[in-house]
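Chain by chain, the residues run as shown.
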Protein chains: 4
Amino acid sequence: MKKKALLILILFSLIKVNSQDRKEFFKSPDGVFLISSDLHIHTVFSDGEVWPSIRVKEARREGLDLISLTEHLEYLSYKNDIDIKDRNRSFQISNAMLTKNEPLMIINGSEITKPMPPGHFNAVFVKDSNLLINPDGEKAMIEANKQGAFVFWNHPNWVENRDDAIARLDKLHERLLQKKLFHGIEVVNEHTYSEEALALALENNLTIMGTSDIHGLIDWTFDKEKNHHRPITFIISKNITKRSIRDALFSQKTFVWHRDMLIGKKENLLPVIDKNLTITSNGYYKKIVTIKLKNHSVVPLKLKYTGDYTFHSYGSVIEVPANDELLITVKTKEILNSIEMPFEILNIIVEPNKNLKITKTVRL
Amino acid sequence: MKKKALLILILFSLIKVNSQDRKEFFKSPDGVFLISSDLHIHTVFSDGEVWPSIRVKEARREGLDLISLTEHLEYLSYKNDIDIKDRNRSFQISNAMLTKNEPLMIINGSEITKPMPPGHFNAVFVKDSNLLINPDGEKAMIEANKQGAFVFWNHPNWVENRDDAIARLDKLHERLLQKKLFHGIEVVNEHTYSEEALALALENNLTIMGTSDIHGLIDWTFDKEKNHHRPITFIISKNITKRSIRDALFSQKTFVWHRDMLIGKKENLLPVIDKNLTITSNGYYKKIVTIKLKNHSVVPLKLKYTGDYTFHSYGSVIEVPANDELLITVKTKEILNSIEMPFEILNIIVEPNKNLKITKTVRL
Amino acid sequence: MKKKALLILILFSLIKVNSQDRKEFFKSPDGVFLISSDLHIHTVFSDGEVWPSIRVKEARREGLDLISLTEHLEYLSYKNDIDIKDRNRSFQISNAMLTKNEPLMIINGSEITKPMPPGHFNAVFVKDSNLLINPDGEKAMIEANKQGAFVFWNHPNWVENRDDAIARLDKLHERLLQKKLFHGIEVVNEHTYSEEALALALENNLTIMGTSDIHGLIDWTFDKEKNHHRPITFIISKNITKRSIRDALFSQKTFVWHRDMLIGKKENLLPVIDKNLTITSNGYYKKIVTIKLKNHSVVPLKLKYTGDYTFHSYGSVIEVPANDELLITVKTKEILNSIEMPFEILNIIVEPNKNLKITKTVRL
Amino acid sequence: MKKKALLILILFSLIKVNSQDRKEFFKSPDGVFLISSDLHIHTVFSDGEVWPSIRVKEARREGLDLISLTEHLEYLSYKNDIDIKDRNRSFQISNAMLTKNEPLMIINGSEITKPMPPGHFNAVFVKDSNLLINPDGEKAMIEANKQGAFVFWNHPNWVENRDDAIARLDKLHERLLQKKLFHGIEVVNEHTYSEEALALALENNLTIMGTSDIHGLIDWTFDKEKNHHRPITFIISKNITKRSIRDALFSQKTFVWHRDMLIGKKENLLPVIDKNLTITSNGYYKKIVTIKLKNHSVVPLKLKYTGDYTFHSYGSVIEVPANDELLITVKTKEILNSIEMPFEILNIIVEPNKNLKITKTVRL
């Protein structure tokens, strides 16, 4: 009996060590993990410019939890030099690089690459990419679904497909939706954000996705000096297991970080922001109370205070920098025990042209 | 006749050289100059910690056009060591440092320092500060007005006077207003911004003022690493002469730069922003047009686009950094010759809880 | 006749435009060009981690004039996936990317990869890499020479070959030298500098080479935050043509930039430093003269003044930062018309444990 | 008995807390404290531009242990405005600002300001500055000595006194030396370093001093962006008491930090550098050993290795940045248990044109 307790203790400490190793972009709400992912990536095995090893190293440097090297099934730039017999090679090579305890996970995936309609679709959590090769896109998607894959529509706003860059459904997409052959949609792809794709996601119960679609180098494509970074889809998962992550994707439990914006459903983002924006009192001086807003996340929070009080130094628009704090002084007129502070978060989008709203109760 | 033309040309080029020497915080709207000023400053001649020479050097380093060393008439911290016979000394010493061609100007001023009500008032453009010494604040203000001074109410939100830090008028202030004994009000003082003071300014036709009220060192008080800086009142003046600047102050032609905010009347700020935010087209690709927003000012412009189009990379909230530009791509659906782009500027306040709105026409 | 003059003028201006496009790491001494090069580079066509296109883009970003993708002939990491029928592919692919007017040039090259002795040798300016494949290293080198290639010994200090990392000649190397089968030696390879290789170069009239030997990404391998950069061999060439550059390599006209060091023969480095360190007088105050040292190069110059005067602010060791200047004040005791200023340059190595010395005459 | 032990424990922890509060510019050699000091400072009480409070705050911001506000006795710029009855006022005002537990200490001092010869002399640790006012400089120095003051010669290289800026003794100085009326000499004053003053110090057993002689603001005078800072004299004292510090000054136990240089007697600097440069092994790979050089001080250490081994990446000149470390790899030819590493430190001056040498034994 004692031995078992000891074992549990040891295991628990191991788990703790591993979870410490993961990069925390955000504090996680209780009971879930925020899995950082990029599920749209290319290498020399389709039309990318690097060997899969670079993709693993890029992901490690950024502290990602999950990637998928989703080579085009139909578009192979270097076929004269690279003899791709097995479409799982990119996954095999990258996955073999992983060490036992590292936080990074890799899942097998492919890009079904058809002319519009239907356009390009990523299938991740596939078992054998070779079987997805099919001149008929719908059949390829049926096979992907048969393998249990999570399938999402890539860059529905792609200007090469839609010359006005407005994402919209064709008849074919409506049929694919009806048959539940795809489950997600890229609202963010590389540098682009599509408000119309967000609308489609919300109207059709599609999972909101954001990906890098990287072909060259991450460092060259996303300019750190401008605070740019690769788009990351955070998957709100009960466990750090592939099974749980796949379930979360199918349940639309995601939000996307693009530039300084967060994009996702209100129900997904509200608990995350509630956890990552903590507000405490530093006490009154006369009838002015100093309030500390602390941002525990990598994303600056651009707040518009919508309550009735006024501040002693700022107007109603304030910014709490990433992983930093801001002190404000609130003129509450009387000495109070607590106040409600309602905010609109100007850089968090929950619906087309609609920002997240949150009200925090602050004990004074 | 020809000689005269030549002379005019030479003189003109001289003037141009001098105006180039001035620091341009903003591009000036046609026909006016934006005079950068700080009209509330202390030295060892009241309760400041530096000799007047440091104030001149601080102003030069920041490129200010105009300062006033406004020593307390009633509060002299070092009177045992500094024997102040003449209350104009601080002005005399600083003014004597100015060289012929430098852009910095200094005007004589004093702080009439009474308990609330009425509180503290600055009189600038005074002729002889000694004559303002009077146990009765109202009489001191009458004398200041007799000398032609511009008088403004200092920090009406001062927590030592108003324990809730809410600026409001007492009976005495109403009488002083009726008698037109003061003409401006500090909406910004050192680190504080008072929305209630802004309301008072607008309701009572008072000039909107922002000042440093500096006692220690500017560099230590306003943290450059947080992009803080001393509050600056920009005076919209027809000429760079003291007479014209004084007229502009009396005509409420000001706005204030505090942290990353601009505060002022809509009629004063709109032409300034119209000049400093230029928007041009970089051309269409398919039906997406690239638009360059250029900010010619020292203040970042935090824009909320309120029109009907959507952008290809950003949501509706964007920021054009100070003295920099931002490229956005607009999905206009059809190829157009021009568009109207309406914006709310989130960091420019024209009324309590009301931001500046501006619509720019962009030729495509 | 006139037309010809015009044509020459036009051509001259074109050449000028192009030479302006080149990045100038140093000012060139009169009559020569300093060709920046990295002649030891790998891609997925041997054991590197990127497609050749990345190597072209890396070189463009750094402003290099010349590279060679020198794949191992005998070591192919990815042969199961990449079917290399033609060993010139890496060159063909990269060379096809070049545009008409860009400054970057690419030459064909290969790494003859044998166990020690003789170890690894690069052959550049080869005509057909396929013909260099030979189990006998000496025969491979004979073929390279037959093709007119410039051949140099790679990392003679490689710890996998020499467990003490001391570069030295084996019998076989002596024979190869006697037969003049190789002409240069890497004194710098990736992160390493070998003083013993420098000695071998000087004793055996070998061209001093420094290369990145890059397999991964340049940005990840050389840490900009520590002011590291890829090693660059500067080739002192009469013209910006491949022919002239090849001649310069055979004539030992090179020096190497590694970290903050320059390494090369005195006769090559002295004219470069003489051109890039200019010293002028800002005039006397009493009997102290202010001297401006200007460094026109990308390398900081760490100077030890070895003359008899003393300085008014510094000791005898001073540093003129890269592309910057330093003001010093010299106490010349009398007012002089000119002085001789002798310096040892602590970060420029011309022989093992011997720095470059230079004396500049300064008109006062 | 137990109570006493507890009391000692508590006291010890209190002392520890206080010594932690001091800024450690260097690790202290065992048994001594390195007291950071600036003993030449001006305020509005002579010809400086700030009230004494600013000097206290400047010293606190830099973490100094000891300052003295050494007003000119004979040169009072603002005498028409500031009525200096008591020449101890500057000391009194600043000293009254100190709180019980802060590390900063202030001692009374004055500058005896005579034409050359003898020039300017600072007397610190004076009891009553008023008594030092005397038209005869020698008599003023006799009075200072009577009060137990430590007296040092200010800027003997001042170009207004010596038009060649060469420090040298006049007859009068020789007499003052013989009478032991002064005990130290400024080798560094504000921006200047005088090698000749260093020679005079060593020849005449004078304490080596470096001071800011600040009149304006420290931040404006010493440019942080160039890594400049005010000159600091480190006093090697047995205890952190004024008595012990005074003894150390009389015993020539000092060295000076000026720009990136340290200047002092070899016997004073050697133990400091021995403590602040620690060298440890990270182990062998084959016959190359990785060595970690760690610099525990605020001064970069510019080392020239003078031993027989060569390094695997660097030449013999290396720099260990301030409060940082550098890894080098040494080619020891055989696997050794320990090596001797002799260095010359190029930015530490112990005699005119002579650097500190140090040999460290490294266990491998």
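Criteria and thresholds
Residues numbered from 1 in each chain as written. Chains lettered and ligands numbered in written order. Predicted model: local features only at pLDDT ≥ 70, side-chain atom pairs only at ≥ 80, totals over all residues. Helix = DSSP H or I, 4+ residues; strand = E, 2+ residues; numbered from the N terminus. Rg over C-alpha atoms; globule rule 2.2 N^0.38 Å. Buried ≥ 20, exposed ≤ 12 C-beta atoms within 10 Å, placed from the backbone. Contact = placed C-beta atoms within 7 Å. Nonpolar A, V, L, I, M, F, W, Y, C, P; charged D, E, K, R; others polar. Pairing = 2+ DSSP bridges. Domains from an automatic or database assignment. Least-squares fit on C-alpha atoms with pLDDT ≥ 70 in both. Core = buried A, V, L, I, M, F, W, Y, C linked by C-beta atoms within 7 Å. Axes fitted to C-alpha atoms, helices over the stretch in contact; angles between N-to-C directions. Parallel < 35°, antiparallel > 145°, perpendicular 65-115°, else oblique. Left-handed = near helix turned anticlockwise from the far one by under 90°.

Details of the overall build of chain A
Of regular secondary structure, chain A possesses nine helices and 20 strands. The C-alpha radius of gyration of chain A comes to 23 Å, within 12% of the 21 Å expected for a compact globule of 364 residues. If one aligns the C-alpha atoms of chain A with their principal axes, the spans along those axes are about 75 × 65 × 40 Å. Counting all 364 residues of chain A, 47% fall into the buried class.

Concerning the interface of chain D and chain B
Contact residues are listed per partner, giving twelve residues for chain D and twelve residues for chain B. Residues that form the side of chain D that touches chain B fall into these classes: six nonpolar, one polar and five charged.

As for the interface of chain A and chain B
Interface size is commonly expressed as the accessible surface area that is lost when the partners come together. Listed per partner, the contact involves 28 residues of chain A and 28 residues of chain B. Only β8 (192-193), α6 (195-203) and β19 (338-351) of chain A provide two or more residues apiece to the side of chain A that touches chain B. Per element, the largest residue contribution to the side of chain A that touches chain B is three residues, and it comes from β19(A). For the side of chain A that touches chain B, the per-class residue count stands at eleven nonpolar, nine polar and eight charged.

Notes on the sheet that holds strand β14 (residues 288-295) of chain A
The four strands are arranged β13-β14-β18-β16 (chain A) in an open sheet whose pairing can be described as antiparallel. Looking along the sheet, the strands with just one partner apiece sit at the ends: β13 (277-285) and β16 (310-311) of chain A.

Let's talk about the domain arrangement of chain A
Residue and element names in this part refer to chain A. You can read the domains of chain A as domain 1 (23-264) and domain 2 (276-363). Taken over C-alpha atoms, the centre of domain 1 sits 35 Å from the centre of domain 2. At the interface, 13 residues of domain 1 touch twelve residues of domain 2. Mapped by element, the contributors of at least two residues to the side of domain 1 that touches domain 2 are α6 and β12 (261-264). Residues that form the side of domain 1 that touches domain 2 fall into these classes: nine nonpolar, one polar and three charged.

Topic: the relation of the copies chain D and chain B
Superposing chain D onto chain B takes a rotation of 180° plus a shift of 0.0 Å along the axis, which leaves an RMSD of 0.0 Å. With respect to symmetry, the two chain copies, as superposed, fit the operation of a two-fold axis. In this assembly, 100% of the residues forming the interface of chain D have copies in chain B that are likewise at the interface, indicating an isologous arrangement.

Some words on unusual backbone geometry
Cis peptide bonds are those with omega within 30 degrees of zero, and the linkage from B:Met116 to B:Pro117 qualifies with -15°. Omega for the bond connecting C:Pro117 with C:Pro118 falls within 30 degrees of zero, at 5°, which places this linkage in the cis form. Position of C:Pro118 among the secondary structure elements: in the loop between β4 (109-113) and β5 (120-124). If you check the backbone angles, A:Gln252 has positive phi at about 65° while not being a glycine. Relative to the helices and strands, A:Gln252 is located in the loop between α8 (242-250) and β11 (254-258). Look at A:Gln252 and you get partly exposed, because 19 C-beta atoms sit within 10 Å. Even without being a glycine, B:Ala165 presents a positive backbone phi close to 60°. With respect to the helices, strands and loops of the structure, B:Ala165 is situated in the loop between β6 (150-153) and α5 (171-178).

Focus: the arrangement of the chains
The smallest C-alpha distance separating chain B from chain C is 21 Å, and no contact links them. One finds no contact linking chain A with chain D; the least C-alpha distance across the pair is 21 Å.

Things to note about helix α6 (residues 195-203) of chain D
Regarding α6(D), the residues found buried are D:Glu195, D:Ala197, D:Leu198, D:Leu200 and D:Ala201. Buried residues along α6(D) sit against β16 (310-311) of chain C together with β7 (184-189), β9 (207-211) and β12 (261-264) of chain D.

As for helix α2 (residues 52-62) of chain C
One turn of the α-helix equals 3.6 residues, which is why residues spaced by three or four share an orientation. Residues and elements named next belong to chain C. Pro52, Ile54, Arg55, Val56, Glu58 and Ala59 are the residues of α2 that are buried. For α2, the secondary structure elements touched by its buried residues are β1 (33-41), β2 (66-72), α3 (89-96) and α7 (218-221). After α2 finishes, the residue Gly63 shows a positive phi value of roughly 75°.

Describing the nonpolar core
A general tendency of soluble globular proteins is for nonpolar side chains to be buried together. Core analysis: the largest hydrophobic core is formed by 372 residues, its most contacted members being A:Val187, B:Val187, C:Val187, D:Val187 and D:Ile263. The residues contacting B:Val187, other than those within four sequence positions of it, are B:Tyr193, B:Ser194, B:Ala197, B:Leu198, B:Ala201, B:Ile208, B:Met209, B:Gly210, B:Val256 and B:Ile263.

Some words on the packing of helix α2 (residues 52-62) of chain A against helix α3 (residues 89-96) of chain A
Residue and element names in this part refer to chain A. Viewed as axis vectors pointing N to C, α2 and α3 meet at an angle of 50°, and their least axial separation amounts to 9 Å. When the axes of α2 and α3 are compared, the pair comes out oblique. Considering how the two elements wind past one another, α2 and α3 form a crossing that is right-handed. Counted together, Pro52, Arg55 and Val56 of α2 and Ser90, Ile93 and Ser94 of α3 form the full contact between these two elements. Partitioning the contact of α2 with α3 into residue classes produces three nonpolar, two polar and one charged.

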